[in-house]
Amino acid sequence: MKHILLAAFALQIFTTAFSQQNNQSKMIDSYVKEAMKNNKIPGLALGIIKDGKVIFEQYYGTENLEDLKKVSSTSMFRIYSTSKLAANVGIFQLIEQGKLSLEDNVSKYVENFPKEWQDVKVRNLLTHSSGIPNFIAFEDIPVSDSNAKVIERLSKEKMEFKTGNEFRYNQTNYMLLTMIIEKITGQSFDNFIINNQFSDTKNQVYFSSNSLEQIPNRVQKYNFNNETKQYEKTPFDNGVRSHSGNGLAITLPAFLQWSSHLSNNDFLNQKTKEMMWKPFEYGNKKDVFAYGWEISKANEIKSYGFSGGNVSAYRIFPQNNMAIIMMSNGYNFFPAQYHIVNHVAAIIDKNLTDVYSISEESIIAGFAQNNNPNAEKNYYAIKAKNPKWDFDGTLNNIGYILMGNSRIEEAIKVFELNAKEHPQSGNAFDSLGEGYFNAKNYPLALKNYKKSLELNPQNTNGSSMIKKIEDLMAQKN
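Residues numbered from 1 in each chain as written. Predicted model: local features only at pLDDT ≥ 70, side-chain atom pairs only at ≥ 80, totals over all residues. Heavy atoms only, no water.

1. Here's the deal with the sheet that holds strand β11 (residues 312–317)
Read across the open sheet, the six strands follow the order β2-β1-β12-β11-β10-β9; overall the sheet is antiparallel. With one partner strand each, in any of the chains shown, β2 (53–61) and β9 (294–298) form the two edges of the open sheet. Within this sheet the neighbouring strands show an average axis-to-axis angle of 15°, counted without direction. In this sheet, strand β12 (residues 322–328) lies alongside strand β1 (residues 43–50) in antiparallel orientation, the contact comprising seven bridges. Directly across from L44, in β12, lies its bridge partner S328. (Pairing = 2+ DSSP bridges. Helix = DSSP H or I, 4+ residues; strand = E, 2+ residues; numbered from the N terminus. Axes fitted to C-alpha atoms, helices over the stretch in contact; angles between N-to-C directions.)

Listed below in structure tokens is the structure:
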């Protein structure tokens, strides 16, 4: 009898757990479909690992808009800057093997390193605190140039800031990390990463930073053209040097497998991972970032990850033994990768609820709907519950997105709301002035640009727009 009762009790626990997981899956599925609708995302793949098991793996929408091929387990999404996570792990694999140190000067591995860069260490590359000029900011550097030529060209520019003082996102850092990996291993970056992190999924990953290259099953990113109101394929070729920074294309099953290996300490031991996720101490005492990883918090629970191209994101929650992968191929209203990850995490574990993020997502979704009369009411309802929350940047971004989508009247309403909420913000009134200018309401545009300049006398854009508007009004008279 005792054994029967124990068996029945175990079955009840299993049934309850299964029912709960099934309910969570339905909630996630419903939420993702709604998020895709709000942001008009063509295709998306979402995977979740919890306690060592894949508890959610779903595919939505179309892989491409040319033949409407469905997203599937064979779809290789280009994850853009989320690629950097594989590069980070590769660097720490070499550190763990004793072949590299965070304190090593980069000049130890890179020849003809400029004199002004001599204080830059490996840790500064990973934390974007090097101060070295960013090569993507210079149009005169062809993608075909060798790394040596890129360094020679950048050496003619001033350092952006004192090494170690601040965080400033920079692709040159990862070009140099690539050179270090190749110098130490004698392998190409691609081969080293694939052999050491994707050996069991080699046919499901590919490195290419050329959007024009035809690769079977690779999903291209689409950019929404506000003039034609259509999606267009991203046409850029960033060259081989960008593979570590933005070149990885990967299937969801391969990404899930990679995440499992990371959690199981197959790539790095626990001590090394903790070193990789330790916050870097910036000179300005303000910036927060680990060694190649963003640090996020929800109710003081830390998680680590990164995103890429506003279409992909990875987040691992060590304390919760969970990881979330989101990959998509475009959006036409607001970048949704962080909101999706945050929202899904909250469905899985209420302790991971980021109330601000979910509220911000609700505000964005409200204004995304055409002429939604409840959008502003929703905003004020959220503010009433949380009066200390500030959505200045969110409202400003929404206004510009609406304006870019030729929804000028709606954009002006949002800019007006933001100016009302932030009466001392010169930027809010500058944006409102731009909204009225685009609506060809020059008197109100002039009024708000003058208000912006009054609040911020350093606003050179406001000064030039005031002159431009006064000239236009004088011509009409």
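Having seen the structure, we can now continue with the description.
2. Things to note about the pattern of salt bridges
Scanning the model with the defined rule gives 14 salt bridges in all. Of the charged contacts, one joins E66 and K233 as a salt bridge, the two residues approaching to 3.8 Å between their closest N and O atoms. With a gap of 167 residues between them, E66 in the loop between β2 and β3 (76–78) and K233 in strand β7 (residues 230–233) connect regions that are remote in the sequence. Here R168 makes a salt bridge to E166, at a shortest N to O gap of 2.9 Å. Using a relative accessible area of 19% as the deciding quantity, one classes E166 as buried. (Salt bridge = Lys/Arg side-chain N within 4 Å of Asp/Glu carboxyl O. Buried < 20%, exposed > 50% of the residue type's maximum accessible area, 1.4 Å probe, protein only.)

3. So, the packing of aromatic side chains
How two aromatic rings sit relative to each other is set out by the distance from centre to centre and by the angle between their planes. In the structure shown here, the tally under the stated rule is 24 aromatic pairs. With a centroid separation of 5.7 Å and 80° between ring planes, the pair formed by W277 and W293 is classed as edge-to-face. You can see W277 sitting in the loop between α9 (270–276) and β9 and its partner W293 sitting in the loop between α9 and β9, a full 16 residues away along the chain. Considered together, W277 and W293 belong to a single accessibility category, that of buried residues. Ring plane angle 70° and centroid distance 5.2 Å describe the contact between Y400 and F415, whose orientation is recorded as edge-to-face. Taken together, the positions of Y400 in helix α13 (residues 392–404) and F415 in helix α14 (residues 408–421) put the pair 15 residues apart, joining distant regions of the chain. Through a chain of ring-to-ring contacts, three or more aromatic side chains come together here, namely F255, W258, F267, W277, W293, Y304 and Y314. For the cation-ring pair, K84 lies above Y174, with the distance from its terminal atom to the ring centre recorded as 5.3 Å. If you follow K221 out to its NZ or CZ, it ends over the ring of Y80, 5.2 Å from the centre. (Phe/Tyr/Trp six-rings, centres within 6.5 Å; stacked < 30°, edge-to-face > 60°. Lys NZ or Arg CZ within 6 Å of the ring centre and 35° of its normal.)

4. Overview of the sheet that holds β3
One open sheet holds the four strands; their spatial order is β4-β8-β3-β5, and the pairing between them is mixed. Edge positions in the sheet fall to β4 (205–207) and β5 (218–219), since each has one partner strand and no second. Relative to strand β8 (residues 248–250), β4 runs antiparallel, the two being bridged by three bridges. The residue bridging F207 from the neighbouring strand is L248, located in β8.

5. Some thoughts on the packing of helix α4 (residues 147–154) against helix α5 (residues 171–185)
Taken N-terminus to C-terminus, the directions of α4 and α5 make an angle of 140°; their axes are 11 Å apart at the nearest point. Classed by the angle they form, the pair α4 and α5 counts as oblique. In this structure, α4 meets α5 at a crossing whose hand is left-handed. Where α4 abuts α5, its residues N147, V150, I151 and L154 lie against T172, M175, L176 and M179. When the residues that make up the contact of α4 with α5 are grouped by side-chain class, the tally is six nonpolar, two polar and no charged. (Parallel < 35°, antiparallel > 145°, perpendicular 65-115°, else oblique. Left-handed = near helix turned anticlockwise from the far one by under 90°. Contact = heavy atoms within 4.5 Å. Nonpolar A, V, L, I, M, F, W, Y, C, P; charged D, E, K, R; others polar.)

6. Side note on unusual backbone geometry
Of note, K40 is a non-glycine position whose phi angle comes to about 50°, a positive value. If you check the backbone angles, K229 has positive phi at about 60° while not being a glycine. With respect to the helices and strands, K229 occurs in the loop between β6 (222–225) and β7. On the basis of relative accessibility, which here comes to 37%, the residue K229 falls in the partly exposed class.

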